[in-house]
Amino acid sequence: MLAEQAAEAIAERTGVPRHRVAVVLGSGWQEAAAEIGTPVASVPMPELPGFGTPSAQGHGGMVHSVTVGDTPALLLMGRQHLYEGYQPADVVHPVAAAIAAGAEIVLLTNAAGGIREGLRVGEPVLINDHLNLTGRTPLTGATFVDLVDAWDPELRSLAKEIDPSLTEGVYAGLTGPQYETPAEIRMLRTMGADLVGMSTVLEAIACRALGARVLGISLVTNLAAGVTGGHLSHAEVLAEGHAAAPRLGKLLRGVLERV
Ligand code: 6GU
């Protein structure tokens, strides 16, 4: 299996036989990594079996091994998206590899548009459920995975102990790459979505199928179409990540210290 091959390469290249936790740092989250800790080893993703080159800018494209307290953790800097032409199996390969490398807990982070009234730009939100609107799945065959409490309630409680101002919301995952129309955002709100983005749902499904616990955090980098009168830009997404980096980094570090 490709995930096992990648896990072996991760162990060899980092010198760490098992990483207990993995963190996927999405758009807007790259700078938060510096707050988590100094890597003991780093491997470029394209040098690991089955990994591609993520589109994430800045420090993307690396796998860092860090130790927080007693916990060896893998930081996956960037991810592959369906909108880049990748298949679901490619999109979930890094988390599958991390789980094969020992991760029992996976932290999934992303940038999202805020749909729910009251959400503020720059605010991290805990994902408490999702709508998989990609039309895709990473699973094949008769893999009937239970997704009740897929977004681990205990891990969410832990995150709220660290940052009591955190709220929770439902994340709608679409393929993109275009942002939604105002009409689509009204539809998503009616469907129960609080947040919208282009990642994370397939990884969460794969993690549950592989038995890992999942914590998800969206950074609201902009309000979704029609929520305010404005237009949407990717530059906004990156700028908000920069501004929020210290808070996001502290939150991730706090979680890693306590799991
Ligand atoms: Cl408004 N939509 C989607 N699909 N992804 C986003 C976003 C919006 N804002 C950040 N990422």
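Residues numbered from 1 in each chain as written. Predicted model: local features only at pLDDT ≥ 70, side-chain atom pairs only at ≥ 80, totals over all residues. Heavy atoms only, no water.

Going by what an unreviewed UniProt entry lists, the chain is known as Purine-nucleoside phosphorylase and is assigned to Nocardia colli. Reading the Function (unreviewed entry) entry of the UniProt record for the chain gives the comment "The purine nucleoside phosphorylases catalyze the phosphorolytic breakdown of the N-glycosidic bond in the beta-(deoxy)ribonucleoside molecules, with the formation of the corresponding free purine bases and pentose-1-phosphate. Cleaves guanosine, inosine, 2'-deoxyguanosine and 2'-deoxyinosine." UniProt, in its Subunit (unreviewed entry) section for the chain, records the words "Homotrimer." (UniProt positions renumbered as here; feature names shortened; annotations may be inferred.)

Novice: Residues and numbers for the UniProt feature "binding site: phosphate" (unreviewed entry) in the chain, please.
Specialist: Within this structure's numbering, the places UniProt gives as "binding site: phosphate" (unreviewed entry) are Ser27, His59, Arg79, Gln80, His81, Ala111 and Ser199. Looking only at the residues we just named, the largest cavity is lined by Arg79, Gln80, His81 and Ser199. Residue placement: Gln80 occurs in the loop between strand 4 (71-77) and helix 3 (88-100). Beyond its immediate stretch of four places on either side in the chain, Gln80 contacts Phe51, Gly52, Pro54, Tyr86, Asp90, Val91 and Pro94. (1 Å grid on protein atoms, 1.4 Å probe; cavity = no way out; pocket = protein on both sides within 12 Å on 5 of 7 lines; lining within 4 Å. Helix = DSSP H or I, 4+ residues; strand = E, 2+ residues; numbered from the N terminus. Contact = heavy atoms within 4.5 Å.)

Novice: Outline the UniProt feature "binding site: a purine D-ribonucleoside" (unreviewed entry) in the chain, supporting the account with residue identities and numerical values.
Specialist: As recorded in UniProt, the sites labelled "binding site: a purine D-ribonucleoside" (unreviewed entry) are Glu180 and Asn222. The annotated residues occupy 43 residues of the chain but converge on a single region, no pair of C-alpha atoms lying more than 12.5 Å apart. Residue position: Glu180 is located in the loop between strand 7 (167-173) and helix 5 (182-190). Setting aside chain neighbours within four positions, we find Glu180 in contact with Leu174, Ile185, Leu188, Val196 and Ala225. Inspection of the secondary structure puts Asn222 in strand 9 (residues 213-223). Taking the relative accessible area as the measure of exposure, Asn222 reaches 5% and is therefore buried. Excluding its chain neighbours within four sequence positions, the residues that come into contact with Asn222 are Ala112, Gly113, Gly114, Val121, Leu232, Glu236 and Val237. (Buried < 20%, exposed > 50% of the residue type's maximum accessible area, 1.4 Å probe, protein only.)

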